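# Chain and residue survey
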Amino acid sequence: MNWVELTDEDAERLVRTITRAKDYAEKMVTFQSGFIPPDRRWLQTSAHELYDELSPREREVFSMRIQQHTFPIIADALGISESSAKTYWLRTMAKCAKLFVSPNKL
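Residues numbered from 1 in each chain as written. Predicted model: local features only at pLDDT ≥ 70, side-chain atom pairs only at ≥ 80, totals over all residues. Heavy atoms only, no water.

### Some remarks on the overall build of the protein chain
Tallying secondary structure elements over the protein chain gives 5 helices and 0 strands in all. Starting at the N terminus and ending at the C terminus, the protein chain contains elements arranged as α-α-α-α-α. Taking all 106 residues of the protein chain together, the buried fraction comes to 17%. Approximately 8,600 Å² of the protein chain is accessible, and the part contributed by carbon and sulfur atoms is 58%. Each charge class in the protein chain was averaged separately, 15 positive and 15 negative side chains, and the resulting centres sit 9 Å apart. (Helix = DSSP H or I, 4+ residues; strand = E, 2+ residues; numbered from the N terminus. Buried < 20%, exposed > 50% of the residue type's maximum accessible area, 1.4 Å probe, protein only. Areas by Shrake-Rupley, 256 points an atom, 1.4 Å probe, with all protein chains shown as cover. Lys, Arg positive; Asp, Glu negative; His and termini not counted. Charge placed at Lys NZ, Arg CZ, Asp CG, Glu CD.)

Here's what the structure looks like:
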């Protein structure tokens, strides 16, 4: 098999194309998440409000935890203690509590 070396121009073009594709995929996920039945749309609004309320560190811990990372892994990745990771998670869960109460409760 013959391998062809990429020129700098080709490499830059490839990086731009990959970046564009990632951007498109991210926008599609966001767009598709908008297709929510009317009786569940309050959850999306609440999620936006929660995002704004969380500190940057709480968002980092939350993001990693919902991806099934353990507290020791989260702590190591973020350079914090396991106890701190758990504290950030508990704060986040307290702030999330309001998400699970529909304003349209029967």
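### Brief notes about the nonpolar core
With 8 residues, the main nonpolar core is built from Val-61, Met-64, Phe-71, Ile-74, Ala-75, Leu-78, Ala-85 and Trp-89. Looking at this core, the elements with two or more residues in it are α3 (56-65), α4 (71-78) and α5 (82-96). (Core = buried A, V, L, I, M, F, W, Y, C linked by side-chain atoms within 4.5 Å.)

### Observations regarding the environment of Lys-86
In this structure, Lys-86 sits in helix α5. The partly exposed category is assigned to Lys-86, whose relative accessible area is 37%. For the pair Lys-86 and Arg-20, spaced 66 residues apart in sequence, the C-alpha separation works out to 36 Å.

### Considerations on the packing of aromatic side chains
Applying the stated criterion to the full structure yields 1 aromatic pair. The interplanar angle of 20° and the centroid separation of 6.0 Å between the aromatic rings of Phe-62 and Trp-89 together place this pair among those described as stacked. Taken together, the residues Phe-62 in helix α3 and Trp-89 in helix α5 connect sequence positions 27 residues apart. For Phe-62, a relative accessible area of 22% corresponds to the partly exposed category. Take Trp-89: its relative accessible area is 17%, and that puts it in the buried class. Arg-59 extends its terminal NZ or CZ atom over the ring of Tyr-51, reaching a point 4.5 Å from the ring centre. One Lys or Arg, Arg-65, reaches over the ring of Phe-71 and ends 4.5 Å from the middle of that ring. (Phe/Tyr/Trp six-rings, centres within 6.5 Å; stacked < 30°, edge-to-face > 60°. Lys NZ or Arg CZ within 6 Å of the ring centre and 35° of its normal.)

### Some points on the confidence of the model for the protein chain
Do not read the predicted coordinates in detail wherever pLDDT is low. Residues at a pLDDT of 70 or more form 92% of the protein chain, whose mean pLDDT is 86. By mean pLDDT, helix α2 (residues 41-53) is the weakest element of the protein chain at 84, and α4 is the strongest at 97. (pLDDT = per-residue confidence, 0-100.)

### Re a nonpolar patch on the surface
Side chains of Leu-6, Leu-14 and Ile-18 sit close together on the surface and give an oily, nonpolar patch of about 270 Å² of accessible area. Here Leu-14 lies in helix α1 (residues 8-32). (Patch = residues over 30% accessible without salt bridge, like charges linked within 9 Å, V, L, I, M, F, W, Y side chains within 5 Å. Salt bridge = Lys/Arg side-chain N within 4 Å of Asp/Glu carboxyl O.)

### Let's talk about the pattern of salt bridges
The final tally for this structure, using the stated rule, is 6 salt bridges. The partner of Lys-95 in a salt bridge is Glu-58, with the nearest N and O atoms 2.9 Å apart. With Lys-95 in helix α5 and Glu-58 in helix α3, this residue pair connects regions lying 37 residues apart in the sequence. Bridged by salt links that share partners, the residues Glu-9, Asp-10 and Arg-13 form one connected network.

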